[in-house]
Amino acid sequence: MNVSRIALVTGANQGLGRALVEGLEARMSPDDLVLLTGRSHQRVTDAAREVTQLPGTRARVEGRVLDVTDTEAIARLAEDLQARHGGVDVVISNAIARVLPEESQAERADEFIDVSNTATHAILRSFGPALRPGGRLLVVASSLGTLGHLDPRLHHLFDGASLDQVEYAVESWRRAIHNRTAAEAGWPIWLNVPSKVAQVAAVRALAAERREHDLATGTLIAAVCPGMVDTATSRPWFSDYSHAQSPARAARAVLDLIFADHADPALYGELVRFGKPLPWYDGTPPVEQDRMLTP
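In short, a report on the structure. Predicted model, so just to flag it, every value in this text is computed and none were measured.

**Examining the overall build of the protein**
Phase 1 of the analysis: Within the protein, the regular secondary structure consists of 9 helices and 8 strands.
Phase 2 of the analysis: Whereas a compact globule of 295 residues would reach a radius of gyration of roughly 19 Å, the protein reaches 18 Å, a difference of no more than 12%.
Phase 3 of the analysis: For the protein, the C-alpha atoms occupy an extent of roughly 55 × 40 × 35 Å along the three principal directions.
Phase 4 of the analysis: Out of the 295 residues in the protein, the part that is buried amounts to 52%.
Phase 5 of the analysis: The contacts of the protein with a sequence gap of at least 6 include a subset with a gap of at least 24, amounting to 78%.

Take a look at the structure:
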């Protein structure tokens, strides 16, 4: 199959991921291919069929089963797209494990870290080399991903870290949770904070390695914060979601970043919210009793 451009979205069965797929297929051309990925074959198949039946469909949409906790599967998919099509033009890492307020954060830590962090590292490592010049590689994070949201004792683990060092820090955090030493080391109970900081740090690490070449070719690697989004994952955490965006609305700013005529160098390697970079050192450690999501 000959295609002009290829886009891939993880965690795309529903919510923001589904909206991103719909936005991509509406803005791309009939010669382009959008890969909608998820863990469940039935959900992926159903979602891909439903998207292709929407009015105004332009690009081709195909469903692909991809369990993002399987790092070898991520590597195989990247290698396959590079071998068949010479690479990929848009990659959006969006998968997240759903955790409910009544559930133990520590008991859900392994799944949450595997989906949010180990998978992010694998996508950056595997799809970085497969990204075509002028492409976009985006990791969906949140405003909690700025370094200031962590205890200052932990800043050195992520500030200026390489991707290997970020991976080591994440695994150290995981071990501390299992050993019940996380709190005394400064790690918050709420998984979302260190997870998001680690995601942004991983993006910054890869961007630091590639900056000169990517800026010369108009390629963008960044983390993105879509703002508060009303989804099944986030809704249980909101005390007031009246101002939350629908997934379709939240997807617009991310899509605008993807389809901008020129990649803004000021956004390269940064956490971007509504087209503006968020300062890496901003933020304050959250009070543990305040466990509501922050956009």
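**Observations concerning the environment of Ala169**
Phase 1 of the analysis: In this fold, Ala169 is placed in helix H6 (residues 163-179).
Phase 2 of the analysis: With 26 residues separating them in the primary sequence, Ala169 and Ser195 have C-alpha atoms 11 Å apart.
Phase 3 of the analysis: When neighbours within four sequence positions are excluded, Ala169 is seen to be in contact with Leu157, Phe158 and Trp187.

**Overview of the packing of helix H3 (residues 71-85) against helix H4 (residues 109-127)**
Phase 1 of the analysis: Their axes nearest at 9 Å, the elements H3 and H4 cross at an angle of 25°. The orientation of H3 with respect to H4, classified from their angle, is roughly parallel. Here H3 and H4 pass one another in a crossing that is right-handed. Across the interface between the two elements, Thr71, Ile74, Ala75, Leu77, Ala78 and Leu81 from H3 touch Thr118, Ala119, Ala122, Ile123, Ser126 and Phe127 from H4.
Phase 2 of the analysis: Broken down by class, the residue content of the contact of H3 with H4 amounts to 9 nonpolar, 3 polar and no charged.

**With respect to the packing of helix H1 (residues 15-27) against helix H2 (residues 41-52)**
Phase 1 of the analysis: At a closest axis distance of 10 Å, the pairing of H1 and H2 adopts a crossing angle of 40°. Our classification of the angle between H1 and H2 gives oblique. As for the relative orientation of H1 and H2, their crossing is right-handed in sense. Seen from H1, the contacting residues are Arg18, Val21, Glu22 and Glu25; seen from H2, they are Ala47, Glu50 and Val51.
Phase 2 of the analysis: Counted by class, the contact of H1 with H2 contains 3 nonpolar, no polar and 4 charged residues.

**A few points about the layout of surface pockets**
Phase 1 of the analysis: In this structure, the second largest pocket occupies an estimated 220 Å³ of space.
Phase 2 of the analysis: Looking at the second largest pocket, the residues that line it are Gln105, Ala106, Ala176, Ile177, Arg180, Ala182, Ala183, Trp187, Pro188, Ile189 and Leu191.
Phase 3 of the analysis: Within the residue set of the lining of the second largest pocket, elements represented by two or more residues are H6 and helix H7 (182-185).
Phase 4 of the analysis: Classifying every residue of the lining of the second largest pocket gives 9 nonpolar, 1 polar and 1 charged.

**Observations concerning the pairing of strand S6 (residues 220-225)**
Phase 1 of the analysis: Within S6, 6 of the 6 residues are buried, which leaves the element mostly enclosed by the surrounding structure.
Phase 2 of the analysis: Alternating residues of S6 divide into Leu220, Ala222 and Val224 and Ile221, Ala223 and Cys225, and every residue in both groups is buried.

**Examining the nonpolar core**
Phase 1 of the analysis: Judged by nonpolar contacts, the single largest core of 98 residues is most densely connected at Leu24, Phe127 and Phe158.
Phase 2 of the analysis: Sort the elements by how many residues they give to this core and helix H8 (residues 192-217) lands first, with 10 residues.
Phase 3 of the analysis: When near neighbours in sequence (up to four residues on either side) are disregarded, Phe127 contacts Leu8, Ile74, Leu77, Ala78, Leu81, Val88, Val91, Ala122 and Leu137.

**Considering H8**
Phase 1 of the analysis: Taken as a whole, H8 carries its principal kink of about 70° at Arg210.
Phase 2 of the analysis: Following H8 by one or two positions, Gly218 has its phi on the positive side, about 75°.

**Describing the packing of aromatic side chains**
What characterises a pair of aromatic rings is the spacing of the ring centres plus the angle enclosed by the ring planes.
Phase 1 of the analysis: For the coordinates displayed, the defined rule picks out 2 aromatic pairs.
Phase 2 of the analysis: Note on Phe158 and Trp187: the rings are 6.2 Å apart at their centroids and 85° apart in plane angle, and the pair reads as edge-to-face. You can see Phe158 sitting in helix H5 (residues 155-158) and its partner Trp187 sitting in the loop between H7 and H8, a full 29 residues away along the chain. The exposure classification of Phe158 matches that of Trp187, with both residues buried.

**Things to note about the sheet that holds strand S8 (residues 276-278)**
To summarise the sheet geometry, strands pair through backbone hydrogen bonds and adopt either a parallel or an antiparallel arrangement.
Phase 1 of the analysis: What the 8 strands build is an open sheet, ordered S3-S2-S1-S4-S5-S6-S7-S8; its pairing is mixed. Two strands bound the open sheet, and with one partner strand each, they are strand S3 (60-65) and S8. Each neighbouring strand pair of the sheet contributes to a mean axis angle of 25°, computed without reference to strand direction.
Phase 2 of the analysis: Bridge count between S6 and strand S7 (residues 271-273): 3 bridges; the pairing is parallel.

**Describing the pairing of strand S1 (residues 6-9)**
Phase 1 of the analysis: Both faces of S1 are covered, namely the face carrying Ile6 and Leu8 and the face carrying Ala7 and Val9.
Phase 2 of the analysis: Direction of pairing for S1 relative to strand S2 (residues 33-38): parallel, over a ladder of 4 bridges. Within S2, the position partnered with Ala7 by the bridge is Val34.
Phase 3 of the analysis: Handedness of the crossover joining S1 and S2 through H1 is recorded here as right-handed.
Phase 4 of the analysis: As judged from the 3 bridges shared by S1 and strand S4 (residues 88-93), these two strands associate in the parallel manner. If you follow Val9 over to S4, its bridge partner there is Ile92.

The rules behind the values
Residues numbered from 1 in each chain as written. Predicted model: local features only at pLDDT ≥ 70, side-chain atom pairs only at ≥ 80, totals over all residues. Heavy atoms only, no water. Helix = DSSP H or I, 4+ residues; strand = E, 2+ residues; numbered from the N terminus. Rg over C-alpha atoms; globule rule 2.2 N^0.38 Å. Buried < 20%, exposed > 50% of the residue type's maximum accessible area, 1.4 Å probe, protein only. Contact = heavy atoms within 4.5 Å. Axes fitted to C-alpha atoms, helices over the stretch in contact; angles between N-to-C directions. Parallel < 35°, antiparallel > 145°, perpendicular 65-115°, else oblique. Left-handed = near helix turned anticlockwise from the far one by under 90°. Nonpolar A, V, L, I, M, F, W, Y, C, P; charged D, E, K, R; others polar. 1 Å grid on protein atoms, 1.4 Å probe; cavity = no way out; pocket = protein on both sides within 12 Å on 5 of 7 lines; lining within 4 Å. Points joined across faces, edges and corners; volume = space filled by probe spheres on them. Core = buried A, V, L, I, M, F, W, Y, C linked by side-chain atoms within 4.5 Å. Bend = angle between axes of the 7 residues up to and from the residue. Phe/Tyr/Trp six-rings, centres within 6.5 Å; stacked < 30°, edge-to-face > 60°. Pairing = 2+ DSSP bridges. Right-handed = clockwise from strand over helix to strand, strands pointing away.

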